[in-house]
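# Report on the structure
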Amino acid sequence: MTRRSKKLSNSSEKNPVESGKVEENAENSPLLDFESPQTETSSETLLDRKNCDEDKTIVEENSRDAEILKQVMTEYEAEELRYRCISFYAYLVVIVVIGVPIWWLTTTPYRAALENFDPSVKIHIPLQVRMYYDQKSTEEFLKRISKLWLENELSPFSYDVPLRLSYDFELKYQENLLDFIRSPNANGCEVELVFLEESEFDRLKANRQSEILITHGRYILPIPKNLVDSQNLYERVRRIIYEEVLDINRLSMIMQRERMNEQEKEEFKPIKPDIAVWEDISISPNYNVHVIFIHDDPGVQPRSSVLESKITDTIERLANLLTNTTHISLSWEHFWDFALENFVRQEKNFSYIPFGSISDFVTEVDRYSAAIEAPNPTFKLAVIYSEHDIGLVDEKNLPANSISVASWGGIVSTCITCPNQAKNPNAGVLDVLRSLLGLRKILPGGFTRLSDSVNDLSWQRLRLHAYVENQLRARHFVRAIHEMTSKISDLVVSDEVAALVRDSIGAALEANDKTKENFCVDTYSSAKARIFAERAANHPSLLEYLNFPWSQKYAIYLPLFFPVLLPTVEGVNSLVRAFMQRRRSKL
């Protein structure tokens with residue numbers, strides 16, 4: 001029973017009348033019937049219904065407000081989302097389309113397009129052979145020799161070489177051959193062979209054991225009495241072309257020096273293994289020649305001034321002859337108080353510097369001579385003037401005009417009274433320069449040189465070798481650049497390097513074309529090809545290490561990119577989720 005019912009019962013006990021009234025009223029009123037469970041349940045139900053109705057009203061009002069708010073927020077968010085998407089797409093375009101390519105291009109080593117030599121294009125070497133005779137009866141005989149050569153002699157090498165030889169034989173009738181051979185050969189591109197009768201040839205060789213004479217740029221051969229057998233004369237012509245004009249041994253050494261792998265090293269072996277150290281010297285495009293005039297007594301100056309002019313004129317003429325082959329810079333100085341007596345030995349009436357003292361002599365000259373700082377090879381020529389005629393002795397203890405010193409220069413004596421000594425020191429100067437430039441000093445067996453001058457055939461051979469070596473070295477340097485670019489991934493190849501390589505290849509092709517057209521080696525264009533290739537190979541951009549390896553590149557750039565990558569990844573993730581949600585709503 002509730003508190004209210006208990007209170008009512010107590011009051012009825014005190015006042016029965018009143019209680020009766022109350023009870024009577026209670027019987028008539030269902031709200032006061034607390035003693036009945038049915039009456040209490042119905043009252044609570046009514047209250048709950050009233051509360052429920054109020055809650056429903058509130059929920060309905062809230063739902064209507066929520067729908068209105070949701071509709072307003074949805075329109076705002078949709079508009080805002082559209083602007084957000086546009087902003088993110090613009091950001092993504094800047095990062096992916098612009099930023100990533102710029103990063104890739106700025107951090108990737110620049111590689112300009114490099115050209116290369118065509119390996120199928122070979123270096124052309126033309127030989128224009130002129131055969132002079134003065135008897136009509138020998139014409140048919142010489143025709144058989146030239147025909148025999150063209151049929152059998154295609155290449156002197158038994159292996160594949162980057163050279164292509166071509167021959168052009170021409171027979172020319174010439175009267176007064178003796179007068180003709182005394183005039184110098186003006187055309188250095190032609191190989192002139194003069195055929196004399198055996199009696200005239202014997203008078204020229206003057207009891208020398210010689211089969212071929214060399215004078216004024218020409219080769220002189222005897223015509224055999226028996227014009228039927230041409231094999232002997234053919235072998236002499238073959239020796240002239242192979243051993244003197246071409247010098248196959250030197251060409252083999254040049255090709256071996258410019259090799260790129262061990263296989264080529266084995267292929268390009270010289271025909272004769274015993275090659276002097278001078279023949280393995282590389283030909284440089286520039287040389288410095290420094291002449292040192294050593295005066296034993298200043299009182300002989302009037303005599304030495306004439307010889308000095310002869311020596312300098314000889315070197316200048318040689319420099320003019322080799323203008324398009326190599327550049328020779330001439331300089332000189334005088335020693336007036338050099339102690340020659342410390343190196344001179346006296347035997348009977350002959351004063352000389354022994355071969356064993358040459359090294360000490362050179363060291364002493366270097367102490368007093370002017371220092372020459374130049375990137376090009378420098379040759380020093382010590383010319384000795386003495387009123388006592390001081391001579392030189394070679395390694396075989398024989399009197400010599402000059403002594404060549406490897407990697408330094410040479411010594412020339414002007415001793416007039418010395419045995420086997422020429423009055424003109426020009427021969428000694430040419431011998432020293434011939435050795436220092438890599439030319440053979442000693443002629444092959446059976447050859448005799450009647451005159452030694454600037455127009456000597458050895459200098460024409462130098463032009464031929466320089467042409468071949470320049471072409472090979474240009475190919476060597478260009479191929480080396482391609483090897484470096486293939487092995488070093490971070491190597492930068494600038495436009496300047498590519499332009500130098502292109503100019504080198506163009507100059508080499510131009511040299512080849514001009515040589516074919518003029519039938520004379522173009523040393524000038526070949527020298528340009530070599531210089532351009534050397535400049536490209538030694539370019540500072542190839543020597544400096546300007547780029548990081550990939551590992552260092554990632555280690556440096558990834559920390560910088562992480563702040564940029566995080567919003568990018570988050571934005572992409574939001575776009576993917578929005579797309580998937582929209583797709584589900586459509587389904």
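A quick note: this is a predicted structure, and the numbers were derived from the prediction, not measured.

With that out of the way, let us pick up the overall build of the chain. Assigned secondary structure in the chain consists of 17 helices and 15 strands. Sorting the 587 residues of the chain into buried and exposed places 41% on the buried side. Put simply, 77% of the contacts in the chain that link residues at least 6 apart link residues at least 24 apart. Accessible surface, the chain as shown: approximately 33400 Å² in total, 53% of it carbon and sulfur.

Moving on: unusual backbone geometry. Unlike most non-glycine residues, serine 407 shows phi in positive territory, near 60 degrees. Within the secondary structure, serine 407 is located in the loop between strand E13 (402-405) and strand E14 (409-413). Its identity as a non-glycine residue notwithstanding, phenylalanine 519 has a phi of 55 degrees, on the positive side. Tracing the backbone through its elements, the reader meets phenylalanine 519 in the loop between helix H14 (495-518) and helix H15 (523-537).

With numbering matched to this structure, UniProt assigns "transmembrane region" (unreviewed entry) to residues 88-106 and 554-576. A distance of 25 Å separates the end C-alpha atoms of residues 88-106, which is 100% helix and 0% strand.

Another point: the sheet that holds strand E9 (residues 350-353). In any sheet, the strands associate via hydrogen bonds between backbone groups, in a parallel or an antiparallel arrangement. Strand order in this open sheet of four strands is E8-E9-E11-E12, and the pairing throughout is mixed. A strand with exactly one partner marks an edge of an open sheet, and here the two such strands are strand E8 (345-347) and strand E12 (399-400). In the sheet, strand E11 (residues 390-393) pairs with E12 via two bridges, with the strands oriented antiparallel. Residue pairing in the sheet places leucine 392 in a bridge with alanine 400 of E12.

On to the sheet that holds strand E10 (residues 378-385), then. If you trace the five strands from one edge of the open sheet to the other, you get E7-E6-E10-E14-E13, paired in mixed fashion. Two strands in the sheet have a free side with no partner beyond their single neighbour: strand E7 (327-335) and E13. Each neighbouring strand pair of the sheet contributes to a mean axis angle of 15 degrees, computed without reference to strand direction. Where E10 lies against E14, five bridges are found, and the strand directions are parallel. For lysine 380, the partnering residue across the bridge sits in E14 and is glycine 409.

Counted under the stated rule, the structure contains 13 aromatic pairs. Between phenylalanine 335 and phenylalanine 338, the aromatic rings sit 5.9 Å apart at their centres with planes inclined by 25 degrees, giving stacked as the arrangement. With relative accessibility at 6%, the residue phenylalanine 335 sits in the buried group. Judged by centre distance (6.3 Å) and plane angle (90 degrees), the ring pair of phenylalanine 338 and tyrosine 368 falls under edge-to-face. Note that phenylalanine 338 is positioned in the loop between E7 and E8 and tyrosine 368 in helix H11 (residues 358-368), a separation of 30 residues in sequence. Its relative accessible area of 7% is what places phenylalanine 338 among the buried residues. These aromatic residues form a ring-pair network of at least three members: Trp149, Tyr167, Phe169, Tyr234 and Tyr242. Over the aromatic face of tyrosine 173 sits the side chain of lysine 136, whose NZ or CZ is 4.3 Å from the ring centroid. When the ring centre of phenylalanine 180 is taken as origin, the NZ or CZ atom of arginine 218, which lies over that ring, is 4.1 Å away.

Glancing now at a nonpolar patch on the surface. Where nonpolar side chains cluster on the molecular surface, the patch consists of Val93, Val94, Val96, Val97, Ile98 and Ile102 and spans about 500 Å² of accessible area. Structurally, the position occupied by valine 97 is in helix H3 (residues 37-107).

With that settled, the discussion passes to the environment of valine 237. Looking at the secondary structure, you find valine 237 in helix H7 (residues 231-246). The exposure class assigned to valine 237 is buried, which follows from its relative accessible area of 1%. Residues valine 237 and tyrosine 219, spaced 18 residues apart in sequence, show a C-alpha to C-alpha distance of 9.4 Å. Here valine 237 is in contact with Ile145, Trp149, Leu193, Phe195 and Leu221, once residues within four sequence places are set aside.

On to the nonpolar core, then. In terms of nonpolar packing, the biggest core is built from 45 residues, with Leu163, Leu193, Phe195, Tyr219, Ile241 and Leu246 touching the most fellow members. Take this core: its biggest share by element is eight residues, from H7. Those residues in contact with phenylalanine 195 that sit more than four places away from it in its chain are Met131, Tyr132, Tyr133, Asp134, Leu142, Leu177, Leu221, Ile223, Leu233 and Val237. Counting residues in each nonpolar core, the second largest holds 27 residues, with Ile283, Phe293, Val432 and Ala466 among its members.

This brings us to the pairing of E9. By the alternation rule, side chains of E9 split into Phe350 and Tyr352 and Ser351 and Ile353, which are all buried. Hairpin connection from E8 to E9: two residues lie between these consecutive antiparallel strands, with lysine 348 at a positive phi of about 55 degrees. Bridge analysis of E9 against E11 gives three bridges, and the strand direction is parallel. Each bridged residue has a counterpart across the sheet, and for isoleucine 353 the counterpart in E11 is leucine 392.

What follows concerns helix H8 (residues 248-257). Burial within H8 is extensive, with nine of its 10 residues counted as buried. Those residues of H8 that fall on the buried side of the exposure criterion are Ile248, Asn249, Arg250, Leu251, Ser252, Met253, Ile254, Met255 and Gln256.

Per the stated rule, a full pass over the model turns up 17 salt bridges. Taking the shortest distance from any N to any O, the salt bridge between glutamate 192 and arginine 218 comes out at 2.5 Å. You can see glutamate 192 sitting in strand E3 (residues 190-197) and its partner arginine 218 sitting in strand E5 (residues 218-223), a full 26 residues away along the chain. Taking relative accessible area as the criterion, glutamate 192 reaches 5% and is therefore assigned buried.

Between helix H13 (residues 457-487) and H15, the least distance of the axes is 8 Å, while the angle of their chain directions is 30 degrees. In terms of orientation, H13 lies roughly parallel with respect to H15. Handedness of the crossing formed by H13 with H15: left-handed. Residues Arg463, Tyr467, Glu469, Asn470, Gln471, Arg473, Ala474, Phe477, Val478 and Ile481 of H13 lie in contact with H15, whose contacting residues are Thr523, Ser526, Ala527, Ala529, Arg530, Ala533, Glu534, Ala536 and Ala537. Split into classes, the residues belonging to the contact of H13 with H15 amount to 10 nonpolar, four polar and five charged.

Before going further, it helps to examine the packing of H13 against H14. Where H13 contacts H14, the axes come no closer than 11 Å and their chain directions differ by 150 degrees. Classified by the angle between their axes, H13 and H14 sit roughly antiparallel to one another. Here H13 runs over H14; the crossing is left-handed. Across the interface between the two elements, Tyr467, Gln471, Ala474, Val478 and Ile481 of H13 pack against Val501, Ser504, Ala508, Ala511, Asn512 and Thr515 of H14. Across the contact of H13 with H14, the residue classes break down as seven nonpolar, four polar and no charged.

Calculation rules
Residues numbered from 1 in each chain as written. Predicted model: local features only at pLDDT ≥ 70, side-chain atom pairs only at ≥ 80, totals over all residues. Heavy atoms only, no water. Helix = DSSP H or I, 4+ residues; strand = E, 2+ residues; numbered from the N terminus. Buried < 20%, exposed > 50% of the residue type's maximum accessible area, 1.4 Å probe, protein only. Contact = heavy atoms within 4.5 Å. Areas by Shrake-Rupley, 256 points an atom, 1.4 Å probe, with all protein chains shown as cover. UniProt positions renumbered as here; feature names shortened; annotations may be inferred. Pairing = 2+ DSSP bridges. Axes fitted to C-alpha atoms, helices over the stretch in contact; angles between N-to-C directions. Phe/Tyr/Trp six-rings, centres within 6.5 Å; stacked < 30°, edge-to-face > 60°. Lys NZ or Arg CZ within 6 Å of the ring centre and 35° of its normal. Patch = residues over 30% accessible without salt bridge, like charges linked within 9 Å, V, L, I, M, F, W, Y side chains within 5 Å. Salt bridge = Lys/Arg side-chain N within 4 Å of Asp/Glu carboxyl O. Core = buried A, V, L, I, M, F, W, Y, C linked by side-chain atoms within 4.5 Å. Parallel < 35°, antiparallel > 145°, perpendicular 65-115°, else oblique. Left-handed = near helix turned anticlockwise from the far one by under 90°. Nonpolar A, V, L, I, M, F, W, Y, C, P; charged D, E, K, R; others polar.

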